Amino acid sequence: MKKRIFSTIIIIIYFLISIYLIDFSFKKTNSLASYEVNNGYLYDEKVLEIPKINLKQKVLKASEEFENLNNNLVYYNYFNPNNKIIIFGHSGVGFGTYFNRLDELNINDEAYLIINGNKYYYCVNDVYEVFKNATYILKNEQDSKKLLLITCVKGNNNKRLVVELGLNIN
């Protein structure tokens, strides 16, 4: 009888330890999930939102030869709201043409960048065209707080449409 009671106690202890370990593992997983999500966005996630043209899309770092531009919005070099951020996207028709309506933006229209769950407010300051080989627009500008959105000009593959926005600090 003592042997059976001892076996039962060992099984109960084993069972309780197992439940504790499962519970601990579950809590650890949930705390990681809550650490990685802020305001519904994953940390290190970058999202461009432009309400006027119904755009809300993730932005990825451009690959070396911009191979990932075909189905994505991509940023060039840096992604820091205190400096100039440059985002490229395709216009036209078909999948991945997220900047198809970029030419509809006007002075004072709004856009948002969500970076690591933090929302940054931008306002359109200028809309202009440059030749496709105009590399001066790619120059890094420290403390400029600019956002450049760049796509092809519809009907002219030799020019690029540039929408320049400034960070609103309120």
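Residues numbered from 1 in each chain as written. Predicted model: local features only at pLDDT ≥ 70, side-chain atom pairs only at ≥ 80, totals over all residues. Heavy atoms only, no water.

Undergrad: I tried to follow the side chain of Lys84 on my own but got confused; where do I start?
TA: For Lys84, the location among the structural elements is in the loop between strand 5 (73–76) and strand 6 (85–88). Residue Lys84 is classed as buried on the basis of its relative accessible area, which comes to 5%. A polar contact is formed between the side chain of Lys84 and the backbone oxygen of Lys139, at a distance of 2.7 Å. In this structure, Lys84 is in contact with Tyr136, Ile137, Leu138, Lys139, Asn140, Glu141, Ser144, Lys146 and Leu148, ignoring residues within four places of it in sequence. (Helix = DSSP H or I, 4+ residues; strand = E, 2+ residues; numbered from the N terminus. Buried < 20%, exposed > 50% of the residue type's maximum accessible area, 1.4 Å probe, protein only. Polar contact = N/O pair within 3.5 Å; in protein donor to acceptor, adjacent residues only side chain to side chain. Contact = heavy atoms within 4.5 Å.)

Undergrad: Before we go on, may I ask you to explain the pattern of salt bridges in this structure?
TA: Any two side chains of opposite charge can pair, so long as their charged atoms come close to each other. Taken as a whole and judged by the stated rule, the model has 8 salt bridges. Between Lys52 and Asp109 there is a salt bridge; the shortest N-O distance is 3.0 Å. Here Lys52, found in the loop between strand 3 (46–50) and strand 4 (55–61), pairs with Asp109, found in the loop between strand 6 and strand 7 (110–115); they are 57 residues apart in sequence, far enough to count as distant. Put simply, Glu141 and Lys146 hold a salt bridge, and the shortest N to O gap is 3.0 Å. Salt bridges sharing partners connect three or more residues here, namely Lys84, Glu141, Lys146 and Glu164. (Salt bridge = Lys/Arg side-chain N within 4 Å of Asp/Glu carboxyl O.)

Undergrad: How should the pairing of strand 8 (residues 118–131) be read in this particular structure?
TA: Within a regular beta strand, the side chains point alternately toward one face of the sheet and then the other, so they alternate between its two faces. In this structure, strand 7 lies alongside strand 8, joined through 6 bridges in antiparallel fashion. The residue of strand 8 that forms the bridge with Tyr112 is Tyr121. What sits between strand 7 and strand 8 in their antiparallel hairpin is a turn of 2 residues, with Asn116 showing a positive phi close to 55°. Where strand 8 meets strand 10 (residues 156–167), 9 bridges bridge the pair, whose relative direction is antiparallel. Across the sheet, residue Phe131 finds its bridge partner in strand 10, namely Lys159. (Pairing = 2+ DSSP bridges.)

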